[in-house]
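Residue-level structural notes
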Amino acid sequence: MTYSFLQHYWWLVVSLLGAILVFLLFVQGANSLVFSLGRTPQERRLVINSTGRKWEFTFTTLVTFGGAFFASFPLFYSTSFGGAYWLWMLILFTFVLQAVSYEFQNKTGGIVEGRFAWVTKLVGAPTFQTFLVLNGLVGPLLLGGAVATFFEGSNFMIDKASLTSPMLAGGAGQSISYWGNASNGLDALLCPWVLVLGLAVMFLARTLGTLYIINNVDNDDIRSRARRQLLASAALFVVLFVVYLVHLLLKDGYAYTADGTIVMEPNKYLHNLLALWPVAVLLLIGVVLVLWGIVKELDLPVAHSLAGNSKFSGIWPAGIGTVLTVLCLLLLAGWNNTAYYPSTADLQASLTIENSSSSLFTLKTMFWVSLLVPFVLAYIVYCWRKIDSQKITAEELAQDSEAY
């Protein structure tokens, strides 16, 4: 296991975690449609309890994604999570708001829960449901924008000499990386292409959310509304994604030479796609699966003729396709001598998998630990199947004292 192999391996692992996270944003996507899918309090509870079974998976994957980045590429962690902290703080705030909204919207009974019933009475369940909608819109938008900075760049600078600099008079060491302006990451939202990909991820989350609700909720009215929402969300997602993909393949990219010098290369990401042909094949398969999953659930005659009479729900091909597509895009950002976190303030400060990774010893040690990941995934699949062994119904909510 060479150092280069381990660096590429851990970029693959981080990219896979990021891809799974984007798929799990279906929770946020469904929550953003709470008031559109549920016209009555009972229907809204069905939607919320459906996503409430899975929101911990999304939050845990987000934390694991950050932890894997910290362990394998610590310079990125300190630069992005430390420098662009307002962007990441907003993301984390919306997810914390989501957790609070789930837990408090129906706290009306029980010895422990009763102590907090006044919160629900004071604020009201609709307010907490509005917070879920806010998380469903802002969370995917900002996460998609953060991913876009892998291609569009961020305004940061790095001073590696500060690692060995003496302590300052106040007792604090100088930071190795710092932001080029006072926005601390929010300036990324001023880039139109960052917003395009952010909006594409947001509408993808809404698309996956409607597909999940169609599969998981046993209510014909909610399913009918979900299919109407699916057409609008999917259409906007496809348009935004195609526009950004064309832009990505035609734009100048950030490459680095054998000595680590960062250079601009015309059509860099198109070159990556051609050079990494297995990634290109997986990308094509992923896109086809996403489109197939969408078309299968559209309430249109042409959709039924194209998708056939298969019995499985559209969330599964669309979900697998989402993971493959996002995985391939992230691999294009880091493999084939590409700077995965470009700096618009100082080109030579751009981060690559070679200049930002942990030591050989750390990457090798974590490699053996990562072999446990398949067992963890198998446990998640087992829990998922047990949770979804039956579709959620109004009768189940009436009998479940722990329901949201």
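Residues numbered from 1 in each chain as written. Predicted model: local features only at pLDDT ≥ 70, side-chain atom pairs only at ≥ 80, totals over all residues. Heavy atoms only, no water.

Applying the stated criterion across every chain yields a total of three salt bridges. The partner of Glu297 in a salt bridge is Arg227, with the nearest N and O atoms 3.2 Å apart. Here the residue Glu297 occupies a position in helix α13 (residues 277-297), and Arg227 occupies one in helix α11 (residues 220-250), the gap between them amounting to 70 residues. For Glu265, the salt bridge is made with Lys268, and the minimal N-O distance between the two is 3.9 Å. The class for Lys268 is buried, based on a relative accessible area of 4%. (Salt bridge = Lys/Arg side-chain N within 4 Å of Asp/Glu carboxyl O. Helix = DSSP H or I, 4+ residues; strand = E, 2+ residues; numbered from the N terminus. Buried < 20%, exposed > 50% of the residue type's maximum accessible area, 1.4 Å probe, protein only.)

Before going further, it helps to examine the pairing of strand β4 (residues 262-265). Direction of pairing for strand β3 (residues 253-256) relative to β4: antiparallel, over a ladder of four bridges. Residue pairing in the sheet places Tyr256 in a bridge with Ile262 of β4. Here β3 folds back onto β4 in antiparallel fashion, the turn holding five residues, of which Gly260 has a positive phi close to 90°. (Pairing = 2+ DSSP bridges.)

Next up on the list: empty space enclosed by the protein. Over the atoms, a rolled probe matching the size of one water molecule traces out where space is still vacant. Enumeration over the complete set of coordinates arrives at two cavities of 30 Å³ or more. Put simply, the largest cavity is a space of about 190 Å³. Taken together, 18 residues make up the lining of the largest cavity; nearest its centre are Phe65, Trp88, Leu143, Ala146 and Val147. Elements that contribute at least two residues to the lining of the largest cavity include exactly α1 (3-24), α5 (55-72), α6 (74-83) and α9 (125-152). Considering each element in turn, the lining of the largest cavity owes the most residues, six residues, to α9. If you trace the second largest cavity, you find it lined by Ser80, Ala84, Leu87, Trp88, Ala146, Thr149, Ser154, Trp179, Gly185, Ala188 and Tyr341. Taken together, the residues of the lining of the second largest cavity sort by class into seven nonpolar, four polar and no charged. (1 Å grid on protein atoms, 1.4 Å probe; cavity = no way out; pocket = protein on both sides within 12 Å on 5 of 7 lines; lining within 4 Å. Points joined across faces, edges and corners; volume = space filled by probe spheres on them. Nonpolar A, V, L, I, M, F, W, Y, C, P; charged D, E, K, R; others polar.)

Relative to each other, α1 and helix α16 (residues 360-370) sit at 50°, their axes nearing to 10 Å. In this view, α1 runs oblique relative to α16, as classed from their interaxial angle. Here α1 and α16 pass one another in a crossing that is left-handed. Contacts from Tyr3, Phe5, Leu6, Gln7, Tyr9 and Trp10 in α1 reach Leu360, Leu363, Lys364, Met366, Phe367 and Ser370 in α16. Taken together, the residues that form the contact of α1 with α16 break down as nine nonpolar, two polar and one charged. (Axes fitted to C-alpha atoms, helices over the stretch in contact; angles between N-to-C directions. Parallel < 35°, antiparallel > 145°, perpendicular 65-115°, else oblique. Left-handed = near helix turned anticlockwise from the far one by under 90°. Contact = heavy atoms within 4.5 Å.)

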